[in-house]
Amino acid sequence: MLFEVEFVVKENGHFETIQTALVYALTVTECRRIANEMASELEIGGIQFFISEL
């Protein structure tokens, strides 16, 4: 399955997208694991991500 992962930080009560990635994964759980790894590589504090299936 193809997922879009949007990495965001919250500033002044609003989410600001810092990066968007396309991820191929078999399940949402696998996509979440990959997204966590990608977020840790960005080295920015307070990163959250949103996953949507394409």
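In what follows, the accompanying structure is described. Computed from a prediction, not measured in an experiment: that's the story for all the values here.

### Section: the overall build of the chain
Looking only at helices and strands, the chain has one helix and three strands in total. Tracing the chain from N to C terminus, the helices and strands come up as β-β-α-β. For the chain, the C-alpha radius of gyration of 11 Å lies close to 10 Å, the compact-globule estimate for 54 residues. Taken along the three principal axes of its C-alpha coordinates, the chain extends 35 × 20 × 15 Å. Counting every position in the chain, which comprises 54 residues, the buried fraction comes to 22%. At a minimum sequence separation of 6, the contacts of the chain that also span at least 24 residues come to 51%. When the accessible surface of the chain is split by element, carbon and sulfur atoms take 51% of a total near 3800 Å².

### Digging into the nonpolar core
Core analysis: the biggest nonpolar cluster contains eleven residues, these being Phe3, Val5, Phe7, Val9, Ala21, Val23, Ala25, Cys31, Ala35, Ala39 and Ile47. Residue contributions to this core peak at four residues, all from strand β1 (residues 2-11). Ignoring anything within four residues of it in the chain, the contact list for Cys31 reads Phe3, Val5, Val23, Ala25 and Ile51.

### Some thoughts on the environment of Ile34
Here Ile34 shows up in helix α1 (residues 28-42). In this structure, Ile34 is in contact with Val23, Tyr24 and Ala25, ignoring residues within four places of it in sequence.

### Notes on the pairing of strand β2 (residues 14-24)
Pairing geometry for β1 and β2, over ten bridges, is antiparallel. Along β2, the bridge assignment pairs Lys10 with Phe15. The turn joining β1 and β2, which pair antiparallel and follow one another in sequence, is formed by two residues; a positive phi near 55° is taken by Asn12.

Rules of the game
- Along every chain, residues carry numbers that run from 1 in the direction the sequence is written.
- Selection of residues for local features in this predicted model requires a pLDDT of at least 70, selection of side-chain atom pairs for listing and counting requires 80 or more, and totals for whole chains, interfaces and linings are taken over all residues.
- Side-chain measures were taken over the full set of non-hydrogen atoms in the model, leaving aside hydrogen atoms and water.
- Here a helix means four or more residues in a row that DSSP labels H or I, a strand means two or more in a row labelled E, and each is numbered from the N terminus.
- For a compact globule the rule gives 2.2 Å times the number of residues to the power 0.38, and the radius of gyration it is set against comes from C-alpha atoms.
- Between buried and exposed lies partly exposed: a residue is buried under 20% and exposed over 50% of the maximum accessible area for its type, with that area taken using a 1.4 Å probe on protein chains only.
- Should any heavy atoms of two residues lie within 4.5 Å, those residues are counted as being in contact.
- Per-residue accessibility takes into account occlusion by the displayed protein chains alone, with areas from the Shrake-Rupley method and a 1.4 Å probe.
- The criterion is simple. A nonpolar core is a set of buried Ala, Val, Leu, Ile, Met, Phe, Trp, Tyr and Cys residues joined through side-chain atoms within 4.5 Å.
- Strands were regarded as paired on the criterion that DSSP finds at least two bridges between them.

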